[in-house]
Amino acid sequence: MPISYTLQFVNLLAALLLLVVFAMLTQRRILSMINLFAWQGFLLTLSTAIVAYSTNQHHLYYSAGLTLVLKVLLLPWLLHRLMRKLNVRWDVETLINIPTTMLVGIALVIFAFNLAAPISQLAEGITRGLIGIALAGVLLSLLMMLTRRKAVTQVVAFLALENSLFFAATSATHGMPLVVEFGIALDVLVASFIFGIFFFQIRETFDSLDISNMERLKDD
Amino acid sequence: MIDLYLLALLLIPLFGGGMLAVFGSRPWAAELNSVMSFCTFAASVMLTLQVVASGPQVVFGEQFFIDQFNVFLVALTAFVAFTTSLFSRPYMRIEQHHGKLSTAMLHLYYSMYQLFTFTMLLGLTSNNLGIIWVAMEAATLTTVLLVSLYRTPASLEAAWKYFILCGVGIALALFGTILMYFAAERVLGEGGTALLWTHLNAVKGELEPTVLKLAFIFLLVGYGTKIGLVPLHSWLPDAHAEGPTPVSAVLSGLLLNVALNAVMRSKVLVDGSLGTHFAGDLMMGFGLLSLLVAALSLYRQKDIKRMFAYSSIEHMGLITFAFGMGGPVATFAGMLHMTVHSLTKSAIFFAVGHAVQKVGTQQMEHIRGLLQVSPTVGWGLALGTFAILGMPPFGVFASEFLIVTTAMHEYPWTTPILLISLGIAFAAIFGKVQPMVFGESTAKPLPHPPALIPVFLHLLLVLVLGLYMPPYLADWYRQAAALMG
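Residues numbered from 1 in each chain as written. Chains lettered and ligands numbered in written order. Predicted model: local features only at pLDDT ≥ 70, side-chain atom pairs only at ≥ 80, totals over all residues.

Q: I'm lost on the overall build of chain B in this one. Help?
A: Assigned secondary structure in chain B consists of 19 helices and two strands. Here the C-alpha radius of gyration of chain B, 21 Å, is about what a compact globule of 485 residues would show, namely 23 Å. In terms of overall dimensions, chain B has C-alpha extents of about 65 × 55 × 45 Å along its principal axes. The buried share of chain B, taken over its 485 residues, is 62%. (Helix = DSSP H or I, 4+ residues; strand = E, 2+ residues; numbered from the N terminus. Rg over C-alpha atoms; globule rule 2.2 N^0.38 Å. Buried ≥ 20, exposed ≤ 12 C-beta atoms within 10 Å, placed from the backbone.)

Here it is as structure tokens:
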């Protein structure tokens, strides 16, 4: 039965995706975090292509191609280039309390699976259980945005969040209509350019990419 | 005809954005901006007349849907976008004269202004829940560089916060949209139609309630971040205070409405699927909390634009509460309140913008005696404040009165919270605006004559709506309220 093989393969990729998110959560070096993000995109491309093959949804091949171009090649390349230009290639971020972050992350995964349980019951075949993983990815990426203090890593966390959402769309619903997916991809692309502009503006104004400089606006 | 008007409505601002991207640094860019906004407004008027006369319509392979509810927001958006472009012409010139803005920054401003209008109109008229999401995200992207236009540390911080928080919020809304699609696919089958609102609306009784419930929570939290609902509001006062004033006016007056439209569209589907008041209860809770927290925060404000940004949170809370109550009267009142709030709040921001330019600071303790130096700016601010605080005979009084009386009737326990919040807001804002308008002045004259016609035009409309609502308008709003339940 080829279907059950593909199902197992997608499940394996889903587990790997979750693993990558955990790795990103605790990664100190910015450069490694960007590489992990590229890996996440690659896993996403694979899983989308497999879902496309097993369900015969041709439009999913397009979104797999789009993911490959945008999230595995273009965005990591753009981020690497920015790192070089901003001269922060070898920067290390001080993360406080990695074990606690991990524990909170595990709690979030359990919460996500519980939240998604009634929906997973409705899904048939390939999608069962994957919604929980996607939701866990979303919540973990949110946690990552909270724990990061540098503009670049916050952006990578944001892009990882988008990846998890994309995984939810392909695994749970066999992909959104193509026009919507193109729209989302366009938004992500424009957002990345604006992020890039911001890095330079922040650097110029604050002399560093640390966003702890940017906590001055208060109600007083 | 209707497809022609819709095409014009969407293509004019898109084309205008392109034109201004090329010609944005010419001396006549401000005029071109106003002309484009006027053409968009004209198209919206024609579209409105058609839709109000002939009822809801789907256009362009069902990708767009226009009914009495969203056409009211389309007309309001196009109108305020036009008057704001009139205001921004002298305002931005004065800023340039003061050396705060360069020609390159103005270039960016004009082209983004038109694109921002486009994204809002796309978000309002699209029938596709996915495209609505794309348009909402695009609206953030077009305005984020405008918030940081001055390149000061504070404006950069505000823009970064706006970008990140709204990005996260809108990502949650995307998850909600995916869940909605997941539920719809089981009924409508795969393919393009399962995200079309009109199709979903036709089968809303068959959609899986457990999925829709979860989807609505994500959609409300996601789009609620953009509406500025407490506790997701922390980006809003910063972005509204640090950006240029025309941007504050359109963010406060328009963008919040567009996000609320997306929530209302989802609420109709969830109500139909669940058959309970779940969505309404959630909206009422968020609305009341926003109203109360915003009213309590007003006292602590020292920056005039921040204070009016909190006032926007307060009013969006009230509108969300009214829509949450549901029923023809409350929905009607909510729509009326949206209209008068947009008009009044943008008028206030226009007056505040010029007042700040005269004094050179946004700190309220340094703004004194506006009436003495510039009676028109002073009266604009004073009357606008009276209007926004719900003083009769302005239209805000009528809509707030309707909301509070409906609440008394349907949910009596909410009445004290509503009245106390409105009372606190009144005392806070009135106490701060009064010395700014009266008293001894420190202000300087401006290098260009200020734009005051938009201020008084808006206030006149709000006054008219408070005294007499034309039957045509009343009829239109009633039909829209009936559509939204």
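Q: Looking at this structure, how should I read the overall build of chain A?
A: Across its full length, chain A holds seven helices and zero strands. Put simply, chain A runs from its N terminus to its C terminus through helices and strands in the order α-α-α-α-α-α-α. For chain A, whose C-alpha radius of gyration is 18 Å, the value lies close to the compact-globule estimate of 17 Å for 220 residues. Seen along its three principal axes, the alpha-carbon backbone of chain A occupies a region of about 60 × 35 × 35 Å. Burial statistics for chain A: of 220 residues in total, 45% are counted as buried. Restricting the contact set of chain A to residue pairs at least 6 apart, pairs at least 24 apart contribute 73%. (Contact = placed C-beta atoms within 7 Å.)

Q: So what exactly am I meant to see when it comes to the interface of chain B and chain A here?
A: Taken together, the 40 residues of chain B in the interface contact 36 residues of chain A. If you tally residues by element for the side of chain B that touches chain A, the top one is helix α6 (residues 153-188) of chain B, at 16 residues. Its residues assigned to classes, the side of chain B that touches chain A comprises 22 nonpolar, nine polar and nine charged. (Nonpolar A, V, L, I, M, F, W, Y, C, P; charged D, E, K, R; others polar.)

Q: Sorry, what's going on with the packing of helix α10 (residues 245-274) of chain B against helix α12 (residues 304-325) of chain B here?
A: Packed helix pairs are specified by the crossing angle of their axes together with the interaxial distance, meaning the distance between the axes. All names here are of chain B. Two numbers describe how α10 lies on α12: the axes approach to 11 Å, and their chain directions differ by 20°. By the criterion of interaxial angle, the relationship of α10 to α12 is roughly parallel. Considering how the two elements wind past one another, α10 and α12 form a crossing that is right-handed. Residues Ser248, Ser252, Leu256, Leu260 and Met264 of α10 lie in contact with α12, whose contacting residues are Lys305, Ala309, Ser312, Met316, Ile319, Thr320 and Phe323. (Axes fitted to C-alpha atoms, helices over the stretch in contact; angles between N-to-C directions. Parallel < 35°, antiparallel > 145°, perpendicular 65-115°, else oblique. Left-handed = near helix turned anticlockwise from the far one by under 90°.)

Q: Got a minute to help me understand α6(B) in this structure?
A: All names here are of chain B. Here α6 spans 50 Å end to end across 36 residues, near enough to the 52 Å set by a 1.5 Å rise per residue. α6 sits mainly inside the fold: 31 of its 36 residues count as buried. Residue Gly189 follows α6 closely and has a positive phi angle near 85°. (Expected span 1.5 Å × (residues − 1).)

Q: What am I meant to see in helix α8 (residues 209-227) of chain B here?
A: For an α-helix, 3.6 residues make a turn, and residues three or four places apart therefore share a direction. The end-to-end C-alpha distance of α8(B), which contains 19 residues, comes to 25 Å, matching closely the 27 Å that a straight helix rising 1.5 Å per residue would cover. One or two steps after α8(B), the chain reaches B:Gly228, where phi turns positive at roughly 90°.

Q: Explain the environment of A:Leu68 here, please?
A: All names here are of chain A. Relative to the helices and strands, Leu68 is located in helix α3 (residues 58-86). Counting along the chain gives 30 residues from Leu68 to Ala38, while the straight-line C-alpha distance between them is 9.3 Å. Here Leu68 is in contact with Thr45 and Leu73, once residues within four sequence places are set aside.

Q: What is the right way to look at the confidence of the model for chain B in this model?
A: Parts of the prediction with low pLDDT should not have their coordinates interpreted in detail. Model confidence for chain B is summarised by a mean pLDDT of 92, while 99% of its residues fall at 70 or above. In the predicted complex, the global pTM is 0.94; the interface-specific ipTM is 0.92. (pLDDT = per-residue confidence, 0-100.)

Q: What is the right way to look at the packing of helix α13 (residues 327-359) of chain B against helix α19 (residues 471-484) of chain B in this model?
A: All names here are of chain B. Remark: α13 packs on α19, axes separated minimally by 8 Å, with the N-to-C direction vectors making an angle of 120°. Classified by the interaxial angle, the pair formed by α13 and α19 is oblique. The element α13 and its partner α19 pack so that their crossing is right-handed. On α19, the residues that touch Pro328, Thr331, Phe332, Met335 and Leu336 of α13 are Tyr477, Arg478, Ala480, Ala481, Ala482 and Met484. By residue class, the composition of the contact of α13 with α19 is nine nonpolar, one polar and one charged.

Q: Help me understand the environment of B:Gly431, please; the structure alone is not making it clear to me.
A: Position of B:Gly431 among the secondary structure elements: in helix α17 (residues 415-437). Sequence separation between B:Gly431 and B:Pro328 is 103 residues, and the spatial gap between their C-alpha atoms is 36 Å.

Q: Where do I start with unusual backbone geometry in this structure?
A: Residues and elements named next belong to chain B. Following Val230, the chain continues into Pro231 via a peptide bond in cis, with omega recorded as 5°. Take Pro231: it is sitting in the loop between α8 and α9 (235-242). With an omega dihedral of 10°, the bond running from Pro392 to Pro393 counts as a cis peptide bond. At Phe60, a position not held by glycine, the phi torsion is positive, near 55°. Take Phe60: there are 13 C-beta atoms within 10 Å of it, and that puts it in the partly exposed class. Not every positive phi belongs to a glycine, and Arg151 is a case in point at roughly 60°.

Q: Help me understand the confidence of the model for chain A in this model?
A: Residues at a pLDDT of 70 or more form 95% of chain A, whose mean pLDDT is 86. Confidence scores differ between elements of chain A, with helix α1 (residues 2-26) of chain A showing the lowest mean pLDDT of 86 and helix α2 (residues 30-55) of chain A the highest of 91.

Q: Any chance you could explain the environment of B:Met338 here in plain terms?
A: Residues and elements named next belong to chain B. Mapped onto the fold, Met338 is located in helix α13. Assessed through the 24 C-beta atoms surrounding it within 10 Å, Met338 is described here as buried. Taking the C-alpha atoms as reference, Met338 lies 12 Å from Asn70; in sequence the two are 268 residues apart. Discounting residues that sit within four places of it in the chain, Met338 has contacts with Asn257 and Ile319.

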